[in-house]
Amino acid sequence: SSYSQEPPRHPILQINSKEPFNAEPPRSALISSYVTPVDFFYKRNHGPIPIVDDIESYYVSICGLIENSKDLFMRDIRMLPKYNITATLQCAGNRRTAMSNVRTVKGVGWDVSAIGNAVWSGAKLADVLELVGIPNLTSVTRSGGKHVEFVSIDKCKEENGGPYKASIPLSQATNPEADVLLAYEMNGEPLNRDHGYPLRVVVPGVIGARSVKWLDTINILAEECQDYKMFPPSVNWDNINWKSRRPLMDFPVQCVICSLEDVNVMKPGKAKVSGYAVSGGGRGIERVDISVDGGKNWVEASRCQKTGFPYIADHMSSDKWAWVFFEVIIDIPHSTQIVAKAVDTAANVQPESVETIWNLRGVLNTSWHRVQVRVGH
Ligand code: MTE
Ligand code: MO
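Source: prediction; values computed, not measured. Here the residue numbers are simple positions, counted from 1 along each chain's written sequence. The lettering of chains begins at A and the numbering of ligands begins at 1, in the order of writing. Per-residue local features of the predicted model are confined to residues with pLDDT of at least 70, and side-chain atom pairs are confined, for both listing and counting, to 80 or more; whole-chain, interface and lining totals are unaffected and use all residues.

**Thoughts on the overall build of the protein chain**
Where we set the bar: Secondary structure elements follow DSSP: runs of H or I of four or more residues count as helices, runs of E of two or more count as strands, with numbering from the N terminus. Each radius of gyration is computed over the set of C-alpha atoms, and the globule rule expresses the reference value as 2.2 Å times the number of residues to the power 0.38. Put plainly, a residue is buried at 20 or more neighbouring C-beta atoms within 10 Å of its own, exposed at 12 or fewer, and partly exposed in between, counting only other residues' C-beta atoms, which are placed from the backbone. Here contacts are defined at the residue level, using C-beta atoms placed from the backbone and a cut-off of 7 Å between them.
A tally of helices and strands in the protein chain yields six helices and 23 strands. Relative to the compact-globule value of 21 Å for 377 residues, the protein chain shows a C-alpha radius of gyration of 21 Å, a close match. Counting only residues that meet the buried cut, the protein chain has 43% of its 377 residues in that class. Restricting to contacts in the protein chain with at least 6 residues of sequence separation, those with at least 24 account for 70%.

Printed below as a string of structure tokens:
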């Protein structure tokens, strides 16, 4: 079958769908390391993993609404300044299973680990576009170019066998501060096949779907790609109007307890509650609050953000797109619900209940994270 040449994967991963391969690490493994090891990093695919075996002949085409289209080989991309960006990638479907427990949604089920934090290294998309003369925005804007579409070489089931693709606004693509990368390394190693070898896009602070793996073509377009959208709870498959909503970009503030499973049996006394918190758009985490009485009273957890790797603490690197870990030691005297919620640096808060944000695609479940603990003697 087309899935006969899949790469080997770590047995710790919990498999949510085998073909295409979609898997996430257990909660405890996710927070065992600030920089997520490649083996533990969630894998989100829409088709078989493509094989690129001749790296010398591999190139990315830049075309669409530009005067001269251009092909860039790996050596052209490697010649540009190399940046190391620690960025958290999160699937819009993270925590979908909890949303589908309210009412059925369409999409692969995920617990809380469709997220990971890696050091991505490569060229800035802004530099790549400059190489082909694109920041000369006058010519592009005159031609009507407003969006940059990334097209992959993979073939996916959901696209009727066509390639996977996604777009971002041209203004973000050409902004060096947005840190959009064409990455060829993950955690200091060449990308592996699962994560996009030989080259992938990394769009920090934005839903994972925009970070196209196995990049084949960059298209300058007038219209954005019609994909990943969020609808109100009243919209169903009979009254859906795709054109009525914008594609999702920045992910909202998110926070999850990873030290506890959904139902934990524990002894009364002090326990550690820890996990991750992250916000989109480069917004930091201002505060993480923990409650051990279902959300009536709160204590603030301590936060830490370690730098990705010691050797990249310089002007060529950034960790403003990376998650924080939080931790609090707290007394849990009896069976209860433990809740976590975060506030980002723009004072955005998380919705209290998943019911109010239910949507038929099951995206952006950022409701307060709740775990049930049973305390016994
Ligand atoms: N790129 C390609 N070519 N094919 C895909 O299926 N999945 C997207 C994105 N890029 C996908 C892709 C989605 S939905 C997510 S969340 C991230 O890749 C997941 O990246 P990862 O598998 O490296 O964790
Ligand atoms: Mo995703």
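**Examining the environment of Ser-291**
Of note, Ser-291 is situated in strand S17 (residues 285-291). When the C-alpha positions of Ser-291 and Phe-231 are compared, they lie 30 Å apart, and in sequence the two are 60 residues distant. Apart from residues lying up to four places away in sequence, Ser-291 is in contact with Lys-296, Asn-297, Trp-298, Ile-338 and Val-339.

**Observations regarding the site of ligand 1**
Worth spelling out the cut-off: Put plainly, near means the residue's C-beta atom, positioned from the backbone, lies within 6 Å of the molecule or strand in question. Polarity classes work like this: nonpolar for Ala, Val, Leu, Ile, Met, Phe, Trp, Tyr, Cys and Pro, charged for Asp, Glu, Lys and Arg, and polar for all others, with Gly in that last group.
Close to ligand 1 lie 18 residues; His-46, Cys-91, Ser-152, Tyr-164 and Gly-208 are nearest. Elements represented by at least two residues in the shell around ligand 1 include exactly strand S3 (43-44) and strand S8 (147-155). When grouped by side-chain class, the residues that make up the shell around ligand 1 number eight nonpolar, six polar and four charged.

**Quick word on the nonpolar core**
The condition that has to hold: Linking buried Ala, Val, Leu, Ile, Met, Phe, Trp, Tyr and Cys residues through C-beta atoms within 7 Å yields a set, and such a set is a nonpolar core.
Counting 97 residues, the largest nonpolar core has Ala-92, Trp-120, Leu-181, Leu-182, Ala-277, Val-288 and Ile-338 as the members making the most contacts within it. For Ile-338, the residues in contact, after removing those within four places along its chain, are Ile-257, Leu-260, Val-273, Ile-290, Ser-291, Val-292, Val-371 and Val-373.

**Some words on the pairing of strand S21 (residues 324-332)**
Going by this rule: For two strands to be treated as a pair, DSSP must find no fewer than two bridges joining them.
Where strand S16 (residues 269-278) and S21 come together, nine bridges link them in antiparallel fashion. Note on S21: the bridge partner recorded for Ser-274 is Glu-327. For strand S19 (residues 302-304) and S21, the ladder comprises three bridges, and the chain directions are antiparallel. Directly across from Ser-302, in S21, lies its bridge partner Glu-327.

**Brief notes about the sheet that holds S3**
Taken in spatial order, the three strands make up an open sheet running S1-S2-S3, and their pairing is antiparallel. The open sheet has two free edges, formed respectively by strand S1 (14-17) and S3, since each of these has just one partner strand. As judged from the two bridges shared by strand S2 (residues 22-24) and S3, these two strands associate in the antiparallel manner. Note that in S3 the partner of Ala-23 across the bridge is Lys-43.

**Brief notes about the environment of Asp-127**
For Asp-127, the location among the structural elements is in helix H4 (residues 125-131). Of the residues examined, Asp-127 has 18 C-beta atoms within 10 Å and is grouped as partly exposed.

**Looking at the sheet that holds strand S18 (residues 299-300)**
Hydrogen bonds between backbone atoms are what pair the strands of a sheet, whose relative direction is either parallel or antiparallel. Spatially, the five strands line up as an open sheet ordered S15-S23-S22-S17-S18, and their pairing is mixed. Of all strands in the sheet, those bounded by a partner on one side alone are strand S15 (263-266) and S18. Pairing between S15 and strand S23 (residues 369-375): four bridges, direction parallel. Residue Met-266 lies in a different strand from S23, and its bridge partner there is Val-375.

**Considering the domain arrangement of the protein chain**
Heads up, the rule is: Here the limits of each domain have been adopted from an automatic or database domain assignment.
Each assigned domain of the protein chain is listed here: domain 1 (14-221) and domain 2 (254-375). Listed as interface residues are 35 residues of domain 1 and, on the opposing side, 32 residues of domain 2. Secondary-structure elements contributing two or more residues to the side of domain 1 that touches domain 2 are helix H1 (27-30), strand S6 (83-90), helix H3 (96-100) and strand S7 (115-124). The element best represented in the side of domain 1 that touches domain 2 is S6, accounting for seven residues. Grouping the constituent residues of the side of domain 1 that touches domain 2 by class yields 17 nonpolar, 11 polar and seven charged.

**So, unusual backbone geometry**
Cis rather than trans, the peptide bond between Glu-19 and Pro-20 has omega equal to 0 degrees. Within the element layout of this structure, Pro-20 appears in the loop between S1 and S2. With an omega of 10 degrees, the peptide bond running from Tyr-197 to Pro-198 counts as cis. In this structure, Pro-198 sits in the loop between strand S11 (189-190) and strand S12 (200-202). Residue Leu-364 is not a glycine yet carries a positive backbone phi of 55 degrees. By the secondary structure assignment, Leu-364 is in the loop between strand S22 (336-344) and S23. The exposure class assigned to Leu-364 is buried, which follows from the 24 C-beta atoms found within 10 Å.

**Describing the confidence of the model for the protein chain**
To keep things clear, this is the line we draw: pLDDT expresses how confident the predictor is about each individual residue, on a scale running from 0 to 100.
Summing up the model confidence of the protein chain, the mean pLDDT is 92 and the portion of residues at 70 or higher is 95%. Scored as a whole, the predicted complex attains pTM 0.95, and scored at its interfaces, ipTM 1.00.

**Focus: the environment of Asp-227**
Following the sequence through the fold, Asp-227 ends up in the loop between strand S13 (215-221) and strand S14 (254-257). A count of 18 C-beta atoms within 10 Å places Asp-227 in the partly exposed class. Sequence separation between Asp-227 and Val-292 is 65 residues, and the spatial gap between their C-alpha atoms is 39 Å. When residues no more than four places from it in sequence are discounted, the contact partners of Asp-227 are Ala-166, Ala-209 and Pro-247.

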